[in-house]
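# Geometric and topological summary
So you can see what is in the structure, the chains are spelled out below.
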Amino acid sequence: MWNGDSWLAGLYEEAVSRHSREAETESPLERKRRLREALREAIGSFEPNPGFEPRLLERVVCDGYVRERIELSATPGLTFGAYVLLPEHTNGPLPGVLALHGHGYGSREIVGLLADGSPDVGAPGIHGHFAVQLAKRGMAVIAPDVIGFGERRLLADLADNPDTPNSCFRLSTELLMLGKTLTGLRVAESLCAFAYLASRPEVDEARIGTMGFSGGGLLAYATSVLEPAVRATVLTGFANTFKDSILAVRHCIDNYTPGILLHAELPELIGLIAPRPLFLESGDRDPIFPVEGFRRAVATIKEIYAEEGAGDRVAVDLFPGAHEISGRKSYDWLKETLSE
Ligand SMILES: [Zn+2]
């Protein structure tokens, strides 16, 4: 016991066996309600900013869609940019998607731009320009700049190193010291972006889903759990167990939520989205969200959906690839699901 490995493993086992015991004494509905509140409390909340008037910053006509840039704010004293992609259309309001990127240079990476804002005409990176892919299928997409990346890196980090990849560490540690989390802030801004998209006259507010990759998958699942109006969810490069992913592989500090494992493992938390449609996508060689954990998560999530009589609403694509977006089935699935 000198090294602590088996002691830590024992703590984990104790936590997950407590989840099973609790699940036996609570009704499924009570448990869902309690876990949803536990997630909300664990990630922390931020003072809302309902008086903020969104501002149009830019409008660019692109190939098949218009790209706007909007300034939004989820909490007083802090604003953020979001790209809105509006496909050319004639037949009534559009389905919408909240598109959430992971680590990288920010929302530009998913709307077909390079870090400097110029068009990315080369092969897309691991994010696959997925916001553009969704817009080209006829969905209106909002892609908020997730705080900590690209233009939203902290000036304090850029002063230390102009090439600093992100500000996750400084943001996370300061917020943790205040009893908050970076995930909580990012989810608050995601919810704000979702509400803004729902307010757009071009969009059918009853048909808005979300798609998130990697760290954006974390935000997409939490946003879906906390906002019942999210109609369908695609998680790519994210679904797993905590044990097989963030507890087994060194991940960015923004993945760790204090106390959440006292309540549930990740598959059960993702299962809180049930019975709403859910698509789980992962590369079979993803080194940071490993395939064994993905398979375990899928099995648990499918059980939860089956128990809720929604077994046909969870779809899976394990594609040949690494930590990257495929979209080979998920893009069309999202379009079809939001068209129903
Ligand atoms: Zn990070």
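Details of the structure are given in the entry above.
Residues numbered from 1 in each chain as written. Predicted model: local features only at pLDDT ≥ 70, side-chain atom pairs only at ≥ 80, totals over all residues. Heavy atoms only, no water.

### Describing the overall build of the protein chain
Stated formally: Numbering of helices and strands runs from the N terminus, with a helix taken as a DSSP run of H or I at least four residues long and a strand as a DSSP run of E at least two residues long. As defined in this context, the radius of gyration uses C-alpha atoms, and a globule is described by 2.2 Å times the residue total to the power 0.38. Relative accessible area decides the class of each residue, using a 1.4 Å probe on protein chains only: under 20% of the type maximum gives buried, over 50% gives exposed, and in between gives partly exposed. The contact criterion used throughout is that any non-hydrogen atoms of two residues lie within 4.5 Å. All accessible areas in this document rest on Shrake-Rupley with a 1.4 Å probe, and a residue is counted as covered only by the protein chains that are shown. Positive charge is attributed to Lys and Arg, negative charge to Asp and Glu, and no charge count is given to His or to the chain ends. Think of each charge as sitting on NZ of Lys, CZ of Arg, CG of Asp or CD of Glu.
Within the protein chain, the secondary structure is distributed over 10 helices and 9 strands. Relative to its length of 340 residues, the protein chain is compact, with a C-alpha radius of gyration of 19 Å against a globular reference of 20 Å. Expressed as lengths along the three principal axes of its C-alpha atoms, the size of the protein chain is roughly 60 × 50 × 40 Å. With 340 residues in all, the protein chain has 54% of them scored as buried. In the protein chain, the proportion of contacts linking residues at least 24 apart, taken out of those at least 6 apart, comes to 70%. As displayed, the protein chain has an accessible area near 15300 Å², and 55% of this comes from carbon and sulfur atoms. The distance from the centre of the 34 positive side-chain charges to the centre of the 47 negative ones in the protein chain is 2 Å.

### Digging into the coordination of the zinc ion
For a metal bound by four donors in a tetrahedral arrangement, the ideal donor-metal-donor angle is 109.5 degrees, while six donors in an octahedral arrangement ideally sit at 90 or 180 degrees. Just so we agree on the cut-off: Coordinating donors are taken as N, O and S atoms within 2.8 Å of the metal, stretched to 3.2 Å for Na, K and Ca; because water is absent from the atoms, sites can appear incomplete. Any site counts as irregular unless it has four donors with all angles between 85 and 135 degrees, making it tetrahedral, or four or six donors with opposite ones more than 155 degrees apart and the rest between 65 and 115, making it square planar or octahedral.
Binding of the zinc ion to the protein goes through His103 (NE2), Cys168 (SG), Cys252 (SG) and Asp254 (OD), at separations of 1.9 to 2.2 Å. In this structure, the zinc ion is surrounded by 4 donor atoms whose angles at the metal cover 93 to 118°, and the resulting shape is tetrahedral. Here the donor residues for the zinc ion map to a single chain with the spacing H-x64-C-x83-C-x1-D. Linking His103 in the loop between β4 (94-100) and α3 (130-136) with Cys168 in helix α5 (residues 168-177), this pair joins segments that are 65 residues apart in sequence. Accessibility expressed as a relative area gives 28% for His103, which makes it partly exposed. We classify Cys168 as buried; its relative accessible area is 0%.

### Considerations on the nonpolar core
For clarity, the threshold we go by: Residues belong to a common nonpolar core when they are buried Ala, Val, Leu, Ile, Met, Phe, Trp, Tyr or Cys residues joined through side-chain atoms within 4.5 Å.
Counting residues in each nonpolar core, the largest one holds 66 residues, and the members touching the most others are Leu72, Ile142, Tyr221, Ile270, Leu278 and Leu280. Once residues lying within four places of it in the same chain are set aside, the contact partners of Leu278 are Thr233, Leu235, Ile270, Ile273, Ile301, Tyr305, Arg313, Val314, Ala315 and Trp333. Residues Val97, Ala131, Met139 and Val234 belong to the second largest nonpolar core, which totals 28 residues.

### As for the pattern of salt bridges
We count it as follows: By definition, a salt bridge exists where a carboxyl oxygen of Asp or Glu is found within 4 Å of a side-chain nitrogen of Lys or Arg.
Tallied over the full model, the rule gives 26 salt bridges. One salt bridge connects Arg40 with Glu37, and the closest N-O pair in it is separated by 3.1 Å. Remark: Glu37 and Arg40 occur in helix α2 (residues 28-43); sequence separation between them is 3 residues, near one turn of the helix. Residue Arg40 is classed as partly exposed on the basis of its relative accessible area, which comes to 35%. Put simply, Arg296 and Asp244 hold a salt bridge, and the shortest N to O gap is 3.0 Å. Taken together, the residues Arg296 in helix α9 (residues 291-307) and Asp244 in the loop between β7 (233-236) and α8 (266-270) connect sequence positions 52 residues apart. A relative accessible area of 46% places Arg296 in the partly exposed class. For Asp244, a relative accessible area of 15% corresponds to the buried category.

### Some words on helix α10 (residues 330-339)
Definition in use: For this quantity, the arc is that covered by the directions from the helix axis to the C-beta atoms.
Residues of α10 that are buried: Ser330, Tyr331, Trp333, Leu334, Thr337 and Leu338. Looking straight down α10, one finds that the buried residues subtend no more than 165° of arc, so they occupy a single side. Looking at the buried side of α10, the elements it contacts are β4, α3, β6 (203-213), β7, β8 (278-283) and β9 (314-319).

### Digging into the pairing of β8
Put simply, the test is: Two strands qualify as a pair provided that DSSP identifies no fewer than 2 bridges between them.
Most of β8 sits out of view: 6 of its 6 residues are buried. Residue alternation in β8 divides its side chains into two sets, Leu278, Leu280 and Ser282 and Phe279, Glu281 and Gly283, and both sets are buried. Sheet topology note: the β7/β8 ladder contains 4 bridges and is parallel. Each bridged residue has a counterpart across the sheet, and for Thr233 the counterpart in β8 is Leu278. As judged from the 6 bridges shared by β8 and β9, these two strands associate in the parallel manner. Pairing of Phe279 across the sheet is with Ala315, part of β9.

### Details of the side chain of Arg207
Put simply, the rule reads: A 3.5 Å cut-off defines polar contacts: any pair of N or O atoms within that distance qualifies, except that in protein one atom must be a possible hydrogen donor and the other a possible acceptor, and neighbouring residues in sequence count only when both atoms are side-chain atoms.
Looking at where Arg207 falls in the secondary structure, it is placed in strand β6. On the basis of relative accessibility, which here comes to 16%, the residue Arg207 falls in the buried class. Looking at Arg207, its side chain comes within polar contact range of the side chain of Asp204, at 2.8 Å. Every residue in contact with Arg207, bar those within four places of it in the chain, is listed here: Pro93, Leu94, Pro95, Gly96, Arg231, Leu338, Ser339 and Glu340.

Such coordinate-based values are descriptive only and should not be taken to indicate function.
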